[in-house]
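# Summary of the model geometry
Given next are the chains, with one letter for each unit.
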Amino acid sequence: MKLMKNRQTAQYRVWGESLQKRKMKRFFKPVEKDGSCKKAALSPLSSSPAKNSEKPTENAAASTVNEENDQTSKKEPSKFVTWNANSLLLRIKNNWTDFSKFVQNLDPDVIAIQEVRMPAAGSKGAPRNPRELKDDTSASREEKLVVTRALSSAPFRDYNVWWSLSDTKYAGTALFIKKCFNPKKVSFSLDQAGSKHEPDGRVILAEFESFRLLNTYVPNNGWKEEESSFQRRRKWDKRMLEFVTRTSDKPLIWCGDLNVSHQDIDVSHPEFFAAAKLNGYVPPNKEDCGQPGFTLSERMRFGSILKEGALVDAYRHLHKDTDAEPGFSWSGNPIGKYRGKRMRIDYFVVSEKWKERIVTCESHGHGIEMEGFYGSDHCPVSLEVCEVIHTSN
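This structure is a prediction, so every number in the text was calculated from the model and none was measured. (Residues numbered from 1 in each chain as written. Predicted model: local features only at pLDDT ≥ 70, side-chain atom pairs only at ≥ 80, totals over all residues. Heavy atoms only, no water.)

Helix and strand counts for the chain stand at nine helices and 16 strands. Taking all 393 residues of the chain together, 47% fall into the buried category. Within the chain, counting contacts between residues at least 6 apart in sequence, those at least 24 apart form 72% of the total. Entry remark: accessible area of the chain is about 20300 Å², with carbon and sulfur atoms responsible for 52%. (Helix = DSSP H or I, 4+ residues; strand = E, 2+ residues; numbered from the N terminus. Buried < 20%, exposed > 50% of the residue type's maximum accessible area, 1.4 Å probe, protein only. Contact = heavy atoms within 4.5 Å. Areas by Shrake-Rupley, 256 points an atom, 1.4 Å probe, with all protein chains shown as cover.)

Let us now look at the sheet that holds strand β6 (residues 173-178). Strand order across the open sheet formed by six strands is β5-β6-β2-β1-β16-β15, with mixed pairing between neighbours. Taken across any chain shown, the strands that pair with only one partner, and hence form the sheet edges, are β5 (159-164) and β15 (358-363). Strand-to-strand twist of the sheet, defined as the mean angle between neighbouring strand axes without regard to direction, takes the value 15°. Bridge count between β5 and β6: six bridges; the pairing is antiparallel. Residue pairing across strands places Y159 opposite K178, the latter belonging to β6. The strands that helix α4 (residues 88-106) touches are β1 (79-84), β2 (110-114), β5 and β16 (381-385); relative to β1, the one it contacts most, it runs at about 160°. (Pairing = 2+ DSSP bridges. Axes fitted to C-alpha atoms, helices over the stretch in contact; angles between N-to-C directions.)

Moving on: the sheet that holds strand β10 (residues 252-257). What the six strands build is an open sheet, ordered β7-β8-β9-β10-β14-β11; its pairing is mixed. Every other strand in the sheet has two partners, leaving β7 (185-187) and β11 (311-313) as the edge strands with one partner each. Across this sheet, the average inter-strand angle for adjacent strands is 15°, counted without regard to direction. Sheet contacts for helix α8 (residues 296-308): β10, β11 and β14 (346-351); angle to β14, the most-contacted strand, approximately 30°.

Between its first and last C-alpha atoms α8 spans 18 Å; for 13 residues at 1.5 Å apiece the expected length is 18 Å, and the two agree. Of the residues making up α8, those classed as buried are S297, E298, R299, R301, F302, I305 and L306. Looking at the buried side of α8, the elements it contacts are α6 (230-246), β10, β11 and β14. Following α8 by one or two positions, A310 has its phi on the positive side, about 50°. (Expected span 1.5 Å × (residues − 1).)

It is worth spelling out the packing of α6 against α8 at this point. Interhelical geometry of α6 versus α8 gives an angle of 10° and a closest axis separation of 9 Å. By the criterion of interaxial angle, the relationship of α6 to α8 is roughly parallel. Between α6 and α8, the contacting residues are R233, R234, D237, M240, L241, V244 and T245 on the first element and E298, R301, S304, I305 and E308 on the second. Broken down by class, the residue content of the contact of α6 with α8 amounts to four nonpolar, two polar and six charged. (Parallel < 35°, antiparallel > 145°, perpendicular 65-115°, else oblique. Nonpolar A, V, L, I, M, F, W, Y, C, P; charged D, E, K, R; others polar.)

This part takes up unusual backbone geometry. In terms of backbone geometry, most residues other than glycine have negative phi values and most peptide bonds are trans. Going from A154 to P155, the amide bond is cis rather than trans, its omega being 0°. Within the element layout of this structure, P155 appears in the loop between α5 (138-151) and β5. Positioned with a positive phi, N279 is a non-glycine residue whose angle comes to about 55°. When you line up the elements, N279 lands in the loop between α7 (270-275) and α8. Phi is positive for A310, close to 50°, though the residue is something other than glycine. Overall, A310 belongs to the partly exposed group, its relative accessible area being 36%.

Moving on: the pairing of β6. Regular strands show a simple pattern: their side chains alternate between the two faces of the sheet. In terms of burial, β6 is a largely internal element, six of the six residues being buried. Going residue by residue along β6, you find T173, L175 and I177 tucked away on one face and A174, F176 and K178 tucked away on the opposite face as well.

This part covers α5. Taking 1.5 Å of rise per residue, 14 residues should cover 20 Å, and α5 covers 20 Å from first to last C-alpha, within 8% of that figure. Among the residues of α5, S140, E143, V147, A150 and L151 are the ones counted as buried. One face of α5 carries all of its buried residues, which in axial projection span an arc of 100°. Opposite the buried face of α5, by more than 90 degrees, sit the exposed residues S138 and R149. Here the buried face of α5 lies against α4, β4 (129-133), β5 and β6. (Arc of directions from axis to C-beta.)

Right, let's talk about the pattern of salt bridges for a bit. Side chains that differ in sign of charge can pair as their charged atoms come close. In the structure shown here, the tally under the stated rule is 23 salt bridges. In this structure, E209 engages K184 in a salt bridge whose closest nitrogen and oxygen atoms are separated by 4.0 Å. A residue pair is termed long-range when its members are at least 10 positions apart, and E209 in the loop between β8 (203-207) and β9 (212-217) and K184 in the loop between β6 and β7 qualify at 25 residues. Judged by relative accessible area, E209 falls into the partly exposed class, the value being 47%. For R234, the salt bridge is made with E225, and the minimal N-O distance between the two is 3.1 Å. Judged by relative accessible area, which is 35%, E225 ranks as partly exposed. Within the structure, one salt-bridge network assembled from shared partners comprises D191, K196, E198 and R239. (Salt bridge = Lys/Arg side-chain N within 4 Å of Asp/Glu carboxyl O.)

This paragraph deals with the environment of E369. Mapped onto the fold, E369 is located in the loop between β15 and β16. Residues E369 and R339, 30 residues apart in the sequence, show an inter-C-alpha distance of 9.4 Å.

Listed below in structure tokens is the structure:
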């Protein structure tokens, strides 16, 4: 009898060690590079996906096993945010805690930033590298460190970042994509040339399996018939029209500060903006008169881009009526004649073939005191679309 008990004890010990090894293998199994990514669920107890992932629980491990066993689907980004930060460095120094909470709560897959205003790497007289932050002086190294620290903290450490920067602290764009989503290609010009960057870093184009995502900081029209204003904007709009017609083979999501209010309902005071002047100057062509972004010529060209490119304004697709106050994305200075004057110049434009996939499109700022603007004169705008599920053969 004693011999049988000893044998049973030895068998239980071997079985227990085998079970423990299987558990350890389950927890520490390498992640497949091309596997799908499951978003962390937000709860009242913990709103940080990063913190949730630091300490796996039995349920988390079980979810991981289920995902590894399910090889029939792959996800692509479906939730997006665009924001003209009006100097990313200033926002990091002064408004980052609140903006971080906004990103953490919304949990977007992609964040498109415009007006980064960080200079590109490269010393004076040497070729610039628009994909890297400048760090060849003590001041630029300190600024780069501030940015790097901010982006290495939750929730931004969950994203890969692509930069397209100007030579100086002007314009510039950035694209944050969650690390679980890998674009097939990222380019930096409307010509889709990977090595070429648009002047002033105004474009980042990411291509995924099912769609292209274009982040742009469109040049301001300006007030006068000058090379740096009217002509520059006309050339941009012409190239943009060529781009959307040339790339119609795949659905497009175009976002950013597009610097145009398409319709009267896209501004708070149409008569004010239509009659606006700078120092009394009146352009010779009446279609160029008015507030930059609300001139008739800009609005007509934008309409042509939408029509020829078979594109829809996602916000206006969902919000047909005259805008309520939260609909505007840019707000004038709270002091002076622009107090309370607003425009909608930040957009998500989506291929018409995808318009039924649009779930939500919202502006996230409101009030004369500009709540939800996080220090910028623009507030974030978000888009959510139905996910595209790919089934393997």
